[in-house]
Amino acid sequence: MNSVSATELPTSDPSELAPHPALLGGLLVESGLVSADDVKRGLEFQREFGGRLGAVLVRMGAISEDNLLPVLARQLDMPLAEIEDFPMDGKRVQAAIEHSGLSAEWWLDAQACIWEIDEGRYGCTARDPLDPALGEALDRAFADDEVTLYLARNQEVDRLLELVQRSLRKRGSDDDISRLRELAEEAPVIELVNNILSQAADQDASDIHVEPEEHQFFVRLRIDGVLHTRYTLPRERFAAVASRIKLISGMDIAERRLPQDGRVGMRVSGEELDIRVSAVPGVHGESLVLRLLPKEAQQLRLTHLGFADDHYRLFRQWATSPHGIILVTGPTGSGKSTTLYATLDEINERDRKIITVEDPVEYQLKGVSQIQTHAEIGYTFARALRAILRQDPDIIMIGEIRDLETAEIAVQAALTGHLVFSTLHTNDSVSAFTRLVDMGVEPFLVATSVRAVQAQRLVRRVCSACAEPLDKPHPQLREQALAAAQRAGLATDENWVQARGCPACRGTGFRGRVGLYELVDVSERLQDGITSGHTAQALWRIAAEEGARTLREDGLIKAMQGLTTVEEVIRVSGGHAGD
């Protein structure tokens, strides 16, 4: 067993970071996984507090464990274990511990676990597999056996140590708050939570769901709008993980009966993120959801959102209107805020005063005055809007119209010469008019103040590396796509595809998302219909006659262009293939 750690760089001159096959820092820099500055900071931390460089970089948020371990395995020429390599229960662990002649307490102190693979063959992993004491113990205890030493992810090491722990005693009650705080500050828990965050950032996840059940808990990532299970961990680990998340986000770790909200800004996988956390009590414990928001939005351009040419021209025309309300509607997670941010960024030429009122401020835009509401102290949307109308704004963005008071101020602003952008939670575009009327806004005020409404959804973009041609989609859907494209004056070239799955898209068949849009321009006919109290169905008939197309039709055009699949369009827009 090698007793010298190959994971530590020389500390005499950390400025010399030329890649070298024997030095982890050099390999990571050479691979483009971390910067030289990250390694320097890691070395400074290592000199002051100790520890392996790789673990230090993970704790700093410079790299995820998933990206670190393959490089470390290559450097050490040590196999990297996958989940199928480990025992799922304690029987093989108990048998190996008994065979070793060492106590379970010794293995816990060493932060190591041994298990039986088959007769005469054993597997072993540890928090520090290069620990000389571990190597000597393995040489003595398994002199006549074959032992394979594995590198493993920290969550797997934690799970194996739990199997060892269970052979000794049951864990104490989670009600001991001081114990929970201690658990939350333990290095393995910190590393596990940081690694979950890093993996989520590496995979462009928008949300992390931590969900407890009776005997285990799950960590799921929402990637491209779909949840994927990434970890299944022992229930005994949940209290520490939940406490860690609540601690860093400013929540009360002692309160587990009431919902709580928190937030934290941190550097994850080399990127600055603003993380919003929600905790809601459940039968088996608190369900935690973390929303990941980059502090500086990337590629916030309307041209990157998936607008068809005719939709882009129309929306751009709305965005440059002198006054009126532009509404973007859709359910939570449909990209409404991203559309509004992209719009403001594109029209911001520093010749007009732009002010936003948001809860929360998701992205920071240069040249825009952004205001965060605080309802707990009475600083609501309505109160903030009254204040900013005295700030001589030209353009106002309201994060969401939630009540009559906010709606009335938005209408007043639009009628007095301001351009107002906002969002509403409605299923389609024309329902925005009836929603405002239901709030209590007079129909004639809705008709005269609202300039346009856009409904939207997000579908997964098919992976260009593995997409396969689709011979013929359902005839009715094909006819709908061709007819909609012809009405809009768009190209009718057909490039139908289906998803397959490859390593580039992690086997899903999709990478990224593209928007589906339903744009309705408020014409004189629509104004008359709104004022006359027409239903949403009647208003849509007017809009369709004037050239508006549905979300389904816009999605089928994008499927015909090869941007997504027919199944994705059906999944998001609803209905069946033959509808």
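The shown structure was predicted, so the numbers you read here are calculated from the model rather than taken from an experiment.

Draft legend 1. How the structure looks around the pattern of salt bridges. Going through the model one piece at a time under the given rule, you end up with 32 salt bridges. The shortest N-O distance in the salt bridge between R121 and D118 comes to 2.9 Å. Here R121 falls in the partly exposed class, since its relative accessible area comes to 30%. In this structure D118 comes out as partly exposed when scored by relative accessible area, which is 35%. We note a salt bridge from R460 to E568, for which the minimum N-O separation is 3.0 Å. Here R460 is found in strand β15 (residues 450-462), whereas its partner E568 is found in helix α22 (residues 566-573), with 108 residues between them in sequence.

Draft legend 2. Seen up close, the packing of helix α14 (residues 381-388) against helix α15 (residues 404-415). Packing of α14 against α15 brings their axes to within 8 Å, and their N-to-C directions diverge by 20°. With respect to each other, α14 and α15 are oriented roughly parallel. When the axes of α14 and α15 are compared, the crossing they make is left-handed. Of the residues in α15, those touching α14 at F381, A382, L385 and R386 are E405, T406 and I409. In the contact of α14 with α15, the residues fall into four nonpolar, one polar and two charged.

Draft legend 3. Expanded view of the sheet that holds strand β8 (residues 271-282). Within the open sheet, the six strands sit side by side as β6-β5-β4-β9-β8-β7. Their pairing is antiparallel. Strands at the two margins of the open sheet, each flanked by one partner only, are β6 (226-234) and β7 (260-268). Averaged over all pairs of adjacent strands, the angle between strand axes in this sheet comes to 20°, irrespective of strand direction. Taken together, the six bridges between strand β4 (residues 207-212) and strand β5 (residues 216-223) define a ladder with antiparallel strand orientation. Along β5, the bridge assignment pairs P212 with F217. Its contacts with the sheet place helix α10 (residues 187-202) against β4, β5, β6, β7, β8 and β9 (285-294), and it is angled at close to 75° to β7.

Draft legend 4. Spotlight on the sheet that holds strand β1 (residues 112-118). The strand order across the open sheet formed by three strands is β1-β2-β3, and the pairing between neighbours is mixed. What marks the edges here is a single partner per strand, and that holds for β1 and β3 (146-150). Each adjacent strand pair in this sheet contributes to an overall mean axis angle of 25°, direction not counted. As defined by bridge partners, β1 adjoins strand β2 (residues 121-126) across six bridges and the pair is classed as antiparallel.

Draft legend 5. Summary view of helix α5 (residues 91-100). The set of residues buried in α5 consists of V93, A96, I97 and S100. Considered in projection along α5, the buried side chains sweep an arc of 100° and stay on one side of the axis. Away from the buried face of α5 by more than 90 degrees, exposed residues K91 and E98 are located. Immediately beyond the C-terminal end of α5, within one or two residues, lies G101, with a positive phi of roughly 80°.

Draft legend 6. Representation of the confidence of the model for the protein. Model confidence for the protein is summarised by a mean pLDDT of 87, while 92% of its residues fall at 70 or above. Taking the mean pLDDT of every element in the protein, the minimum, 75, falls on helix α9 (residues 177-184) and the maximum, 98, on strand β10 (residues 324-329). Here residues 1-21 is a poorly scored stretch, pLDDT under 50, and it has 53 contacts once near neighbours within four places are set aside; other chains count.

Draft legend 7. How the structure looks around the packing of aromatic side chains. Across all of its chains, the model carries nine aromatic pairs by this definition. On the numbers, 5.0 Å between centres and 55° between planes, the contact of Y122 with F142 is tilted. In this pair, Y122 is assigned in strand β2 and F142 in the loop between α7 (132-141) and β3, connecting sequence segments 20 residues apart. An identical accessibility class is assigned to Y122 and F142; each is buried. Every member of this aromatic cluster is reached through a ring pair, and the members are F307, F315, W318 and Y517.

Draft legend 8. Quick peek at the UniProt feature "domain: Bacterial type II secretion system protein E" (unreviewed entry) in the protein. With numbering matched to this structure, UniProt assigns "domain: Bacterial type II secretion system protein E" (unreviewed entry) to residues 389-403. Helix makes up 0% of residues 389-403 and strand makes up 27%, while its end C-alpha atoms are separated by 18 Å.

Draft legend 9. View of the pairing of β9. Note: β4 against β9, four bridges, orientation antiparallel. The residue of β9 that forms the bridge with H209 is V289. Here β8 pairs with β9 via 10 bridges, running antiparallel. Note on β9: the bridge partner recorded for D274 is L293. Between β8 and the antiparallel strand that follows it, β9, lie two residues.

Draft legend 10. Spotlight on the environment of R451. With respect to the helices, strands and loops of the structure, R451 is situated in strand β15. In this structure, the C-alpha to C-alpha distance between R451 and I530, residues 79 residues apart in sequence, is 13 Å. Not counting the four nearest positions on each side in its chain, R451 is found in contact with Q317, W318, S321, G324, I325, I326, D521 and V522.

Draft legend 11. Spatial organisation of a negative patch on the surface. Negative charge collects at one region of the surface, where E349, D351, D392 and D394 lie side by side. Note that D392 resides in the loop between α14 and β13 (395-398).

Draft legend 12. Spatial organisation of the side chain of S321. By the secondary structure assignment, S321 is in the loop between α12 (309-319) and β10. Residue class for S321 comes out buried when judged on its relative accessible area of 7%. Here Q317 takes part through its backbone oxygen, which lies 3.3 Å from a polar atom of the side chain of S321. Separated by 2.8 Å, the side chain of S321 and the backbone oxygen of W318 make a polar contact.

About the criteria used
- Think of each chain on its own: its residues are numbered from 1, step by step along the sequence as written.
- Only residues with pLDDT of at least 70 get local features here, since the model is predicted, and only at 80 or more are side-chain atom pairs given and counted; chain-wide, interface and lining totals rely on the full set of residues.
- The basis for every side-chain value is the complete set of non-hydrogen atoms in the structure, without hydrogens or water.
- The rule for a salt bridge is simple: a side-chain nitrogen of Lys or Arg has to be within 4 Å of a carboxyl oxygen of Asp or Glu.
- Relative accessibility decides the category of a residue: with a 1.4 Å probe and only protein chains considered, values under 20% of the type maximum give buried, values over 50% give exposed, and everything between is partly exposed.
- The helix count covers DSSP runs of H or I at least four residues long, the strand count covers runs of E at least two residues long, and both are numbered beginning at the N terminus.
- Interaxial angle, 0 to 180 degrees, is taken between N-to-C directions of lines fitted to C-alpha atoms, where a helix line uses only the stretch in contact.
- For classification purposes, angles smaller than 35 degrees are called roughly parallel, those larger than 145 roughly antiparallel, those between 65 and 115 roughly perpendicular, and all remaining angles oblique.
- Handedness of a crossing follows from how the near helix is turned relative to the far one, being left-handed for an anticlockwise turn of less than a right angle and right-handed for a clockwise one.
- Here, residues are in contact when the closest pair of their heavy atoms is within 4.5 Å.
- Residues are grouped as follows: Ala, Val, Leu, Ile, Met, Phe, Trp, Tyr, Cys and Pro are nonpolar; Asp, Glu, Lys and Arg are charged; all remaining types, including Gly, are polar.
- In this analysis, strands are considered paired if DSSP registers two or more bridges between them.
- Think of the arc as the fan of directions from the helix axis to the C-beta atoms.
- Known as pLDDT, the predictor's per-residue confidence is scaled from 0 to 100.
- Stacked, tilted and edge-to-face are the three classes assigned to paired rings of Phe, Tyr and Trp, where Trp is represented by its six-membered ring and a pair needs centres within 6.5 Å; plane angles under 30 degrees give stacked, over 60 edge-to-face, the rest tilted.
- UniProt positions are given in the numbering used here, feature names are shortened, and annotations may be inferred rather than shown by experiment.
- Like-charged residues are merged into a patch within 9 Å and nonpolar side chains (Val, Leu, Ile, Met, Phe, Trp, Tyr) within 5 Å, provided each residue has over 30% relative accessible area and no salt bridge.
- Computed with the Shrake-Rupley method and a 1.4 Å probe, the accessible areas treat only the protein chains shown as cover for residues.
- Charged residues are defined here as Lys and Arg on the positive side and Asp and Glu on the negative side; His and the ends of the chain fall outside this count.
- By convention, the point assigned to a charge is CZ for Arg, NZ for Lys, CD for Glu and CG for Asp.
- Whenever a nitrogen or oxygen atom comes within 3.5 Å of another N or O atom, the pair is scored as a polar contact, on the condition that within protein one atom can donate a hydrogen and the other can accept it, and that pairs from neighbouring residues in sequence are kept only if both atoms are in side chains.

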